[in-house]
Structure formats: C-alpha cells, structure tokens
Amino acid sequence: MNKRMKINKLLYLDEAVDEVVVKGWVRTRRSAKGFSFIEVNDGSCLKNIQIIADNSQDNYDDICRLTTGSAVAVSGSVVESPGKGQKWEINAKNIEIISIAPEDYLLQKKRHSDEFLRTIAHLRPRTNKYGAAFRIRSELSYAIHKFFRDRGFRYIHTPILTGSDCEGAGELFQVTTLDMENMPRINGKTDYSADFFGKEAGLTVSGQLSAEMFALALGDVYTFGPTFRAENSNTSRHVAEFWMVEPEMAFCDLDDDMDVAEEMLKYLAGIVQKNCAEDIELFAKFIDKELKDTIQNTLSSDFERISYEEAINILEKSKKKFEYEIKYGKDLQTEHERYLTEEYFKKPVTVYNYPKDIKPFYMRLNDDNMTVAAMDILVPRIGEIIGGSQREERFDVLEARMKEMDMPLKDYWWYLDSRRYGSVPHSGFGLGFERLLMFLTGISNIRDVIPFPRTPKNIEF
RNA sequence: UCCCCGGUAGCUCAAUGGCAGAGCGGGUGGCUGUUAACCACUAGGUUGGCGGUUCGAGUCCGUCUCGGGGAGCCA
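Remember, predicted model here, so these are calculated numbers, not experimental data.

Scoring rules and cut-offs
- Residues numbered from 1 in each chain as written.
- Chains lettered and ligands numbered in written order.
- Predicted model: local features only at pLDDT ≥ 70, side-chain atom pairs only at ≥ 80, totals over all residues.
- Heavy atoms only, no water.
- Helix = DSSP H or I, 4+ residues; strand = E, 2+ residues; numbered from the N terminus.
- Contact = heavy atoms within 4.5 Å.
- Areas by Shrake-Rupley, 256 points an atom, 1.4 Å probe, with all protein chains shown as cover.
- Lys, Arg positive; Asp, Glu negative; His and termini not counted.
- Charge placed at Lys NZ, Arg CZ, Asp CG, Glu CD.
- Core = buried A, V, L, I, M, F, W, Y, C linked by side-chain atoms within 4.5 Å.
- Buried < 20%, exposed > 50% of the residue type's maximum accessible area, 1.4 Å probe, protein only.
- Patch = residues over 30% accessible without salt bridge, like charges linked within 9 Å, V, L, I, M, F, W, Y side chains within 5 Å.
- Salt bridge = Lys/Arg side-chain N within 4 Å of Asp/Glu carboxyl O.
- Domains from an automatic or database assignment.
- Buried area = accessible area lost by both parts, 1.4 Å probe.
- Polar contact = N/O pair within 3.5 Å; in protein donor to acceptor, adjacent residues only side chain to side chain.
- Nonpolar A, V, L, I, M, F, W, Y, C, P; charged D, E, K, R; others polar.

## With respect to the overall build of chain A
In terms of regular secondary structure, chain A is built from 13 helices and 18 strands. Put simply, 67% of the contacts in chain A that link residues at least 6 apart link residues at least 24 apart. With an accessible surface of roughly 23300 Å², chain A has 49% of that area assigned to carbon and sulfur atoms. Each charge sign in chain A was given a centre, from 62 positive and 74 negative side chains, and these centres are 5 Å apart.

## Thoughts on the nonpolar core
With 54 residues, the main nonpolar core has Ile386 and Leu436 as its most contacted residues. Of all the elements, helix α6 (residues 254–275) adds the most residues to this core, at 10 residues. Leave out the neighbours within four places in its chain, and Ile386 touches Ala261, Met264, Leu265, Met375, Asp376, Ile377, Phe429, Gly430 and Leu431. The next biggest cluster of nonpolar side chains, apart from the first, holds 30 residues, and it includes Ala311, Phe322, Tyr354 and Tyr415.

## What about a positive patch on the surface?
A cluster of basic residues, Arg4, Lys6, Lys9 and Lys23, forms a positive patch at the surface. Within the secondary structure layout, Lys9 lies in helix α1 (residues 7–10). On the accessibility criterion, Lys9 (58% relative accessible area) is exposed.

## Looking at unusual backbone geometry
For Asn187, which is not a glycine, the phi torsion comes out positive at approximately 55°. Along the chain, Asn187 turns up in the loop between β9 (185–186) and β10 (189–190). A relative accessible area of 79% places Asn187 in the exposed class.

## What about the domain arrangement of chain A?
Split into domains, chain A comes out as domain 1 (7–99) and domain 2 (124–170 + 205–448). The gap between the C-alpha centroids of domain 1 and domain 2 is 45 Å. On the side of domain 2, 7 residues touch domain 1, which itself brings 7 residues to the contact. Note on domain 1 versus domain 2: buried area summed over both sides is about 630 Å², and carbon and sulfur give 40% of it. If you look at where domain 1 meets domain 2, you find 1 salt bridge. Among the ionic pairs, Glu278 bridges to Lys47, the shortest N-O distance being 3.5 Å. Our enumeration of links across domain 1 and domain 2 arrives at 6 residue pairs in polar contact (both at pLDDT 80 or more). The residue inventory of the side of domain 1 that touches domain 2, partitioned by class, reads 3 nonpolar, 2 polar and 2 charged.

What follows is the structure in structure tokens.
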C-alpha cells in the first residue's frame, strides 16, 4: 500500500499519523547527538518537512552523508515537533537513499543571484523562489481557463505555424525545411515554392486573426498558447517565445472589451491572493515589499479609464521632464505610461481611443476618422500588460485601411471574407502571460517567470 | 540595435599601477532538539579572451565576448 503523502497535505494534518511515506529532495541536513535533522522538500509547497533520523537506523552513516539535493524516500510517523519553527515532523523508521547529489552540486542552502540561477535554469526550479514562481504560473494558467470557461468562452487552438507575415506585430521567425547551405534559387531569390508549404512560413506572432474567425462562429472564444517574436529586444520585459492569452468576442464593443479585461485581471489577482498565499508571502518578504498592496489594489479598485487625448493632457500638465516629448499623435513612451499608472493614478489605467496612425490595420476606425477603438491596460512597474481593440468589422473601411497601409490584400482573402459574410462588431485583447506573472509576483525580469527563456543569442536548455 | 555599468575561488564580493584576499559553500575533526546551527583545521585562482602601454597590469588603453540596468519595438 502506497502511503506516500505530499508535504503540502502533511503540514496541515489535524492529528498525528502513524505511518506515512514522504519522497523528496534534501534541502539541508544537521547532525545532533545521536540523530540527524533532515529537511525534505517535494515541490508540493514552499515549506519543507523536518525528518528526525536516529542512529539506530541501519544506514545511519549513509544518512549522515546526505547532501543538499539528494533524493530520499522516508517512512515513519508524523508527530508534533518539540522544537520551534514547525508543528509537525517525521520520526523516521526507514530512510531510503534514492540518490546522492555529489559535492559539485551547484545549489547551496543560501541565496543565489537570479543571474547565476539563469545559467543553471535546469536546476533553479529546485530553489524556493523559482519553485514558488512556477507553482504560481501553474495556478494562474488554470485560473485563466476557468475564468473563460465560467463565462461561456470556447478554447481555440490556433496554429503556431503561419503563412501570413504582416499580422502587424513584430518580426517573424522563419520556418523552413529547405537546405540552408544550398537554397533553391530563381532569379537570384530563394524559391519558396520548393519549401515545405510552398511559400514562406513562420512562427505565429499572434493568434488573433484566427481567433476572430472562430469568434464569428462560436461567439466568445480565447486562445492561450506560445507566441514568437524575432525582435532583437534586450530588456527585462521581452522574450522571443512567450505565452499569450487572447480572447475574442462577437457582438462586443470597446467598452465591453475593457470590462472583460479588467474583470479578468481582478479575478486573477484574487486567485493568486487566495490560492497562492504561502508562495506570495515569499515574494512579499524578499522580492517586493509592496506586492500584497499591489494585488489588493488591483482586485479592489476600479481601474482608471481615460482616452489617449486625456492621457496626453495629463502628461502635458504634469510639468514633469520627460526624455521624450509629449505630443498628440505620438505613442506613449514607457516613461509616460509609468507616470500615469505609478505616480498620477497609482493603480491600473486603461487608455483608449489612440490615433489610428500608431495602431495596426484591424482596429476599428472611430467616427472622428482620427482615432481607433484601441485600448491598453497599463499597470505599475510593468507598463502595458494588455493591448486590445474593437476590430474593424466594416468591409469597405477595412479594405481601404489595408490599401492605405500597402498590405497585400490577396493574402488576407479569408480575413476579408469574414467581413463579407455575416460580419458583426467584435473585440478582443492580448494579455502577456509572463508580464502578468511579473506583475503578480513582483519578479522584475521576464526571464525568471518562464521555465527556459529564449532571448537573442540564448537558446540554452 | 543604441546608451550606461560590470566579469577576481563553486557562489557573493574585497584588493592607491607593486606578494591575489574574505564570507559562504566543499572536505576533515569536534560540539550540540537543530532551524541559512555552531567551533577548529583544510583544499581551492591562466583575475572572461586577444592585443597594447609600463621596470611591473586584477587595476590604464584598444578590441571581442558574456552578464546586468535603461531605451527603442512590443505582450
């Protein structure tokens, strides 16, 4: 009979238990007279369980050689701990040493820098901080599906391989099966008709256009999957491969869109507060002292909603010296966004109705013919966490706009078809999942909230 | 891609242009219901690479590389 108990269950027992089995990894070991304290972590939660191994064990000499990182299976009884610092501990009857971590094991029982841990990304989930981060990541993933499912959304798997380039969101990673050392050529140019798909292909930069097609069939849909940008961005907020949540809703205007986005962020903040309290505590204590306020503030305050024009006015009146000038028609810079959300409103801010010239082709043109029904949600520390819009549903207007932007209409025949047949007002947005994690954990570098980050010149692991 | 800062022991960091060090971790021994335990001893280095200046370079200069911060692009 397998009595294995995960530590997150064991620590919350109401009464002592005679026989349990715990399996996990040694975090630290201390010897006392006649026995040894072993702290074991099994990844189920932040906390370790303290194991007491006395010298009557057959393999006591080996037990005393257990190093940080070694794997053990412990059977014994759960008893109240006479020591301070923990309610329960295990009196071991038997400790099976599954494997020993040799002395060159890099993780020590002390704080390591994030920079160092990034160089051993295969081991870092074994640390407190990264274990907590990735438990929260998992919890939030599930919460996203639950949020949408509870509201009648359907989950759509949009393609990762794409044939359409100008989705208007950054550089594409090219995908090919051609021999790179010997590309077939016609008139000096690569002959993509010989390639796998018979044309140029790449990794998706957004599932939005596909999701729109399904919103116009199933009503409310969302995607949640990997997204790729070949931008040479070297910042703490960019990676080449990241996960994006993209809801798309039929019969939905910009106001509804902003409502859903705000409701979702509040819901997710609430989930983290409720379901990840112990892990959040670690971040609040060591990473970001204001984290709990940030979370509480997010779920309890109404986000500020201002138009782009109002944002410009506020920035102009601020009399603050910005590096980039504030001018109607120019996009908000990071410093402007941060002023609005961190200093002026001190809470999440939704900015809507941007000038059309700084936004992509698919956003719906407003009646002023100057602005489009776009919205960005800005949050403290991160800046833009959500970008969305009402989509242009009017065929003529959309076509004119695409021509204006010199887009190859024939490549978008299917997208335009959706406006030919049964077109309806619809809206959606994209949430950067890693940025959400940064926001809700206080972790300051995006490379530390994704298991194996892909950035320019780095695809190790 | 641009601007700024950095790379010294496994990790975190010291070292006026003049003998390369500490704490932690590792090893050995001791002590102890301990809590990042404690005490003693011990091993451990091509100072990121290449080139230059100098009697002499971890230190100054050039260049490459890697890492960090900021910016652009964006989620």
